[in-house]
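So you can see what is in the structure, the chains are spelled out below.
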Amino acid sequence: MNQLLLVLDFGGQYKELIARSVRYLSVYSEIRSGNISADEVKRLNPAGIVLTGGPNSVYLPESPKCDPEIFNLGIPVLGICYGMQMMCHMLGGEVKPGNIGEYGRITVTLSAENPSVLFNGINKEPFAALMSHRDIVSRLPSGFRMTASTVGCCAACEDASRKLYAVQFHPETKHTDGGNEIFSRFLYDVCGAAGDYKLDDYIGTQVKAIRQKVGESKVLLALSGGVDSSVCASLLSKAIPGQLTCIFVDHGFMRLNEGDEIEDIFSKRKLCFIRVNAKERFLGRLKGVVDPERKRKIIGEEFVRVFEEESAKLGKIPFLAQGTIYPDIVESGGSYGATIKSHHNVGGLPEKLGFTGVVEPLSGLFKDEVRVIGRKLGLPAFLVNRQPFPGPGLAIRVMGEATEDKLDVLRKADAILREELDGMKRGKPDQYFAVMTDTCAVGVKGDERTYNSVVAIRAVTTDDFMTCEYTQIPYKVLTRVSSRITSEIPSVSRVVYDITSKPPATVEWE
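Everything numeric here is computed off the predicted structure, so don't read it as measured data.

As for the overall build of the chain
Item 1. Helix and strand counts for the chain stand at 14 helices and 18 strands.
Item 2. Since a compact globule built from 510 residues should have a radius of gyration of about 24 Å, the 26 Å found for the chain is in line with a globular shape.
Item 3. For the chain, the spread of C-alpha atoms along the three principal axes comes to 75 × 65 × 40 Å.
Item 4. For the chain, the residues scored as buried account for 55% of the 510 residues in total.
Item 5. Sequence-distant contacts in the chain: of pairs separated by 6 or more residues, those separated by 24 or more amount to 76%.
Item 6. Carbon and sulfur atoms provide 49% of the accessible area of the chain, an area that totals close to 22500 Å².

Details of the confidence of the model for the chain
Item 1. Summary statistics for the chain give a mean pLDDT of 90 and a share of 95% for residues scoring 70 or more.
Item 2. Below a pLDDT of 50 lies the segment residues 337–347, which in the model reaches 25 contacts outside its immediate sequence neighbourhood of four places, other chains included.

Here we look at helix 9 (residues 292–313)
Item 1. Helix length check: helix 9, at 22 residues, gives a terminal C-alpha distance of 32 Å against a target of 32 Å (1.5 Å per residue), a fit within 8%.
Item 2. Taken together, the buried residues of helix 9 touch strand 10 (219–222), strand 11 (244–250), strand 12 (272–277), helix 8 (279–285) and strand 13 (319–321).
Item 3. At the N-terminal end of helix 9, a side-chain oxygen is found 3.2 Å from the backbone nitrogen of E293, two or three residues along, and the residue is D291.
Item 4. Positive backbone phi, at 80°, marks G315, one or two positions downstream of helix 9.

Examining the pairing of strand 9 (residues 164–167)
Item 1. By the alternation rule, side chains of strand 9 split into L164 and A166 and Y165 and V167, which are all buried.
Item 2. With four bridges connecting them, strand 4 (residues 77–80) and strand 9 associate as parallel partners. Paired with V77 across the strands is L164, a residue of strand 9.
Item 3. Two strands pair when backbone bridges link them, and strand 8 (residues 154–159) and strand 9 are joined in this way by four bridges, in the antiparallel orientation. Across the sheet, residue D159 finds its bridge partner in strand 9, namely L164.
Item 4. If you look at the hairpin formed by strand 8 and strand 9, you'll find four residues sitting between the two strands, and K163 has a positive phi there, around 60°.

Brief notes about unusual backbone geometry
Item 1. Positive phi, normally seen in glycine, also occurs at N45, with a value near 55°.
Item 2. You can see N45 is positioned in the loop between helix 2 (38–44) and strand 3 (48–51).
Item 3. Residue classification places N45 among the exposed positions, given a relative accessible area of 59%.
Item 4. A positive phi angle, near 65°, is found at N257, a position not held by glycine.
Item 5. In this fold, N257 is placed in the loop between strand 11 and helix 7 (258–266).
Item 6. For N257, a relative accessible area of 47% corresponds to the partly exposed category.

With respect to the sheet that holds strand 11
Item 1. Sheet architecture is open: five strands sit in the order 12-11-10-13-14, paired in parallel fashion. Unpaired on one side and paired on the other, strand 12 and strand 14 (357–359) mark the two borders of the sheet. Across the sheet, the mean angle from the axis of one strand to that of its neighbour is 25°, orientation sign disregarded.
Item 2. Two elements, strand 13 and strand 14, share three bridges in a ladder whose sense is parallel. Opposite L320, over in strand 14, you have V358 as the bridge partner.

Description of the pattern of salt bridges
Item 1. A full pass over the atoms with the stated rule returns 32 salt bridges.
Item 2. We note a salt bridge from R23 to E369, for which the minimum N-O separation is 2.8 Å. Residue R23 is located in helix 1 (residues 15–24), and its partner E369 is located in helix 11 (residues 367–376); the two are separated by 346 residues in the primary sequence. The pair R23 / E369 is uniform in exposure class, with both members buried.
Item 3. The partner of E308 in a salt bridge is R305, with the nearest N and O atoms 2.9 Å apart. Of this pair, E308 and R305 both sit in helix 9, three residues apart, which is roughly one turn of that helix.
Item 4. Owing to a relative accessible area of 13%, E308 belongs among the buried residues under this scheme.
Item 5. Assessed through its relative accessible area of 34%, R305 is described here as partly exposed.
Item 6. Taken together, the shared-partner salt bridges connect E419, E420, R480, R484 and E488 into one network.

Comments concerning the sheet that holds strand 7 (residues 145–149)
Item 1. Strand order in this open sheet of nine strands is 2-1-3-4-9-8-7-5-6, and the pairing throughout is mixed. A single partner strand is all that each edge strand has here, and the edge strands are strand 2 (28–33) and strand 6 (127–139). For this sheet, the mean angle separating the axes of adjacent strands, direction not counted, is 25°.
Item 2. Across three bridges, strand 3 lies against strand 4 in parallel orientation. The partner of V50 across the bridge, within strand 4, is L78.
Item 3. Those strands touched by helix 1 are strand 1 (4–9), strand 2, strand 3 and strand 4, and its axis lies near 155° from that of strand 2.
Item 4. Contacting strand 1, strand 3, strand 4 and strand 9, helix 4 (residues 179–190) runs over the sheet at an angle of about 165° to strand 4.

Calculation criteria
Residues numbered from 1 in each chain as written. Predicted model: local features only at pLDDT ≥ 70, side-chain atom pairs only at ≥ 80, totals over all residues. Heavy atoms only, no water. Helix = DSSP H or I, 4+ residues; strand = E, 2+ residues; numbered from the N terminus. Rg over C-alpha atoms; globule rule 2.2 N^0.38 Å. Buried < 20%, exposed > 50% of the residue type's maximum accessible area, 1.4 Å probe, protein only. Contact = heavy atoms within 4.5 Å. Areas by Shrake-Rupley, 256 points an atom, 1.4 Å probe, with all protein chains shown as cover. pLDDT = per-residue confidence, 0-100. Expected span 1.5 Å × (residues − 1). Polar contact = N/O pair within 3.5 Å; in protein donor to acceptor, adjacent residues only side chain to side chain. Pairing = 2+ DSSP bridges. Axes fitted to C-alpha atoms, helices over the stretch in contact; angles between N-to-C directions. Salt bridge = Lys/Arg side-chain N within 4 Å of Asp/Glu carboxyl O.

Rendered as structure tokens:
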């Protein structure tokens, strides 16, 4: 059993980054609701606790609070942003609205009189940290001392004798200088962490757990071809060779040659691979549909219908496998944070399919950890390192109605873009794709006037896929991409580059 660091959520948008940062430092972390009882915390026996940020003002009666006994357990606690304000408020300090808010990278100055163990790893001082708050701690609780400040607020405080530490900024983001060092100091110098969390034995542990749960029974997996379901399929085929059936519903919205590549990989493994070519069926359902939300719902519903029909042909299979990963569970709610999406996979399979058990061998892992497992299982790099791809596929990268003609153009444009950017040696974006807009523009080809489609290019740089900046691709690369797309695809007359970051935009156009 690995040593545990508890992340208690109070609606913080960066809670997953906190948990990932901790795991990156070889300490196992779990996210739990901020209203967990002190008795339950004692039962879990964590090495330390982190209190996340959140959107509320702690002095309002309806604002979320933790069990006050948590501060008396002797377990080290680190409060971040709202977590700091809540700690100070509940322990007798004062929190009030500030004169001005602090948002973005703000300069933090360390206290010369009150040095803190948290900042021993900071290489430069003062340093820049990500702030996102209006309320401030205006009076510290008894026993606390201020260890860092900005022009506008107390930026860090602590009561080291009680192992209570707090920062107003967000060390979990890349925008804070030395954020990993701050977490490392808390984990190892304050909590005395053992650093016993490694992925090296994860495959062996899961293989034993799967075999124990499944026995000789058959297992059914809806294989999308994405990273999660592909790694899940590979792990299951290793654990229970010959007992796994994978149904790959090809809805016709995959990228160029992607369906064939998926079939080539998994048809050679020790499992039963079934490919259902349902392109015409899905296109028929989307005829005349232009609203992106309707597209998503129709594709999800149709996926369920196809999966139902195909699974019925196989007879009774007791276990359903899903490529659920830890963020899926976190985003399903169960905390003070808003439910981002319902916890479901493969479109939300109905209960009437009658499975007696669910197998989710990746449900404790983050995406980067899933990729590590995929590489250890021998999956090809193009699949393990696959960029995020929406479940509805290219249907929501075609603006307006998704027709076969538009999809054909988009596949070719997207393949050209990926071929050119895949070869970048420096500054390569973390995600990049083409978009088929619903706009036409005048052009000239062969001395003749044209009035053809406009293709947009989207490329972003991010380390968490929650926020991003557009990638400043060199002009010569953009020129080459544009030239190839307009030359090799006759029906495209113009290529544009999306230079909007997130926020205010999203990564996808629909």
